Every structure is written in C-alpha cells, then in structure tokens.
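Chain by chain, the residues run as shown.
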Amino acid sequence: MIETSKLVAWLDQTLEPEKFTDYCPNGLQIQGKDQISHIVTGVTASLALIEKARELNADAILVHHGYFWRNENPTLQGQRLKRIRALLESDINLIAYHLPLDAHPIFGNNAQLAKQLGLNPLRDAQGAPVTCGPGSLVWLGHPEVTEQSVRELAGRIQTQLARHPVVVGNFEAKAGLVAWCTGGAQSMQEAAIAAGAQTYVTGEISEPNAHIARETGTTFISAGHHATERYGVRALGEEIARQLDVKVTFVDLDNPA
Ligand SMILES: [Zn+2]
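Computed from a prediction, not measured in an experiment: that's the story for all the values here. (Residues numbered from 1 in each chain as written. Predicted model: local features only at pLDDT ≥ 70, side-chain atom pairs only at ≥ 80, totals over all residues. Heavy atoms only, no water.)

Comments concerning the overall build of the protein
Reasoning step 1: When its secondary structure is counted, the protein shows nine helices and 14 strands.
Reasoning step 2: Whereas a compact globule of 257 residues would reach a radius of gyration of roughly 18 Å, the protein reaches 19 Å, a difference of no more than 12%.
Reasoning step 3: Considered along the principal axes of its C-alpha atoms, the protein spans approximately 55 × 40 × 30 Å.
Reasoning step 4: Burial statistics for the protein: of 257 residues in total, 52% are counted as buried.
Reasoning step 5: A fraction of 66% describes how many contacts in the protein between residues 6 or more apart in sequence connect residues 24 or more apart.
Reasoning step 6: Element-wise, carbon and sulfur atoms account for 50% of the exposed surface of the protein, whose accessible area totals about 11,800 Å². (Helix = DSSP H or I, 4+ residues; strand = E, 2+ residues; numbered from the N terminus. Rg over C-alpha atoms; globule rule 2.2 N^0.38 Å. Buried < 20%, exposed > 50% of the residue type's maximum accessible area, 1.4 Å probe, protein only. Contact = heavy atoms within 4.5 Å. Areas by Shrake-Rupley, 256 points an atom, 1.4 Å probe, with all protein chains shown as cover.)

Some thoughts on the sheet that holds strand β6 (residues 93-96)
Reasoning step 1: Taken in spatial order, the five strands line up as β2-β6-β5-β4-β14 in an open sheet, and their pairing is mixed. The sheet terminates laterally at β2 (27-30) and β14 (247-250), the two strands that pair on one side only. Ignoring which end each strand starts from, the neighbouring axes of this sheet average 30 degrees apart.
Reasoning step 2: Summarising the sheet, strand β5 (residues 60-65) and β6 pair through four bridges and their orientation is parallel. Within β6, the position partnered with Val-63 by the bridge is Ala-96.
Reasoning step 3: Running over the sheet, helix α1 (residues 4-15) touches β2, β4 (38-44), β5 and β6 and is turned about 5 degrees from β6. (Pairing = 2+ DSSP bridges. Axes fitted to C-alpha atoms, helices over the stretch in contact; angles between N-to-C directions.)

Digging into the pairing of strand β11 (residues 178-181)
Reasoning step 1: Across the two faces of β11 the burial is the same, with Val-178 and Trp-180 and Ala-179 and Cys-181 all buried.
Reasoning step 2: Taken together, the three bridges between strand β9 (residues 138-143) and β11 define a ladder with antiparallel strand orientation. Within the sheet, the bridge partner assigned to Gly-141 lies in β11 and is Val-178.
Reasoning step 3: Of the strand pairs in this sheet, β11 and strand β12 (residues 199-202) are connected by four bridges, and their pairing is parallel. Considered in β12, the bridge of Cys-181 is made with Thr-202.

Overview of the packing of helix α5 (residues 109-117) against helix α9 (residues 225-243)
Two quantities define a packed helix pair, namely the angle between the helix axes and the distance between the axes.
Reasoning step 1: α9 packs onto α5 with a crossing angle of 110 degrees between their chain directions and a minimal axis gap of 8 Å. One element, α5, and the other, α9, form an angle in the roughly perpendicular class. Along this stretch, α5 crosses α9, giving a crossing that reads as right-handed. Residues Asn-109, Gln-112, Leu-113 and Gln-116 of α5 lie in contact with α9, whose contacting residues are Thr-228, Glu-229, Tyr-231, Gly-232, Val-233, Arg-234 and Ala-235.
Reasoning step 2: For the contact of α5 with α9, a count of residues per class yields four nonpolar, five polar and two charged. (Parallel < 35°, antiparallel > 145°, perpendicular 65-115°, else oblique. Left-handed = near helix turned anticlockwise from the far one by under 90°. Nonpolar A, V, L, I, M, F, W, Y, C, P; charged D, E, K, R; others polar.)

Next up, the structure:
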C-alpha cells in the first residue's frame, strides 16, 4: 500500500514531465482514493479499461493516453462523461503520462519497442539515445541482425507485436539505419529521412507517407499505434511493482488501430 501522493511523486521524479511541452496534463489527472494497493496499467483510459479496473478492485489506473487533450471539447458529455463518471463512482485515481512515457530512456515506448524489434539504439558519448525530429522524439539505430532486410524486419514486427504491419518500400532492401517513434508519429517521417534513416517505423500511416517513401527510396512501416505503445506502460508498471509496495496488473485490450 502506498499513498497516492507518494506514488505520483515517484512517477514525476522518474519520468520528469516538466521537461516536456505536451498536449495533455501529465501525472494525476483525476484524484481518487488516498491509498493505493493495486494499480491497473494500460495504453488508453477507455471505458473498457476502467471496467476492468473496477472488476479487479484497483485503486488507480496508469495509462499512456489519459484525458484533457488540448483542442478537444472540454465539456462533460457522451463517452467522455461516461468514462469520468465511472472513475468518480469507484474512486479510482487516473494517472497518465504521455510524451514523458514515449521518451524515457529505459521505460519509454521507444526504448521498449527497440527491445521488441531487436533494434540497437545509437548512443552519444554519455550513453543517451541519438534522436531526431520535433521534440527529439524519434530514435535512430541499427537492427541487431546484421544486414537485416525489410522483409525480415517486417516479419519480426509481425511476430513480436502480433500485428500485420503496413510496409511501403522494397522488401528485399536492407533495413539499414532505422528510425522509429511509437504511436501516431507519421508526420515525423521526413525528419527521420533527413537524419539519414533508410527505414522509418511508427504506429500509423497517412496517405502522404507512401508517396514520400517512394519518392525518397526509403521504407515506411506502420506497425500499429496501440501495438507500438503497449510496452512502455507495461515496463513502467513492472518497475513500480519492483520498487514500491503495490500490486500492478497490466491489461492489454486489443485495438486494431
Ligand atoms: Zn499514442
């Protein structure tokens, strides 16, 4: 059992949200019980995740995608109201970290995706990952398997993430220098190419990405927004369970997007 304020302080210290300009508040988004003995972790604070947390008698939900996004309608209506009502009724704390959980050098989505896909991040003299793109959110590295082809990398994605990736490029080409950013980072494709990447892996694809890949002779791989972002919050939850006196359950709810 841990006090809610102590858990949030530990998370803030670990993830350093003050270093990011984000699209949502990071940390405690909706206050619930003062004491936490069971945390449910998941990618998105959907109604299904809240119901699962209620079923498991959890005291807190820790997610990558919380609420109160910039530019969304802030009024409490429809699904937004239903979710928040369900949390308030059960006194469950909602804790969310967005960009800090993408970028963390160990528990972050990019770091954890690299492990899943067998990518060795390039590191600077201090050991920090070499990044590019807006907010330094795109990581760069090479496949552990030397001379890995695009086909082999796509196969690894399919096996590890249990999701069929969308690949635009030459399957027989070498993956080469790979850039990756989990989630909806398709707009960072050109920054990745400018940094020298031969292959760019992200969660989602938009129409222009295919043209840019073909015109530059590079490969674009969309591996799923949810599928690329389930590993950060899971790793963070495992660390919480190791470090603090609290039970943590990761709940993966399928999402084809
Ligand atoms: Zn995301």
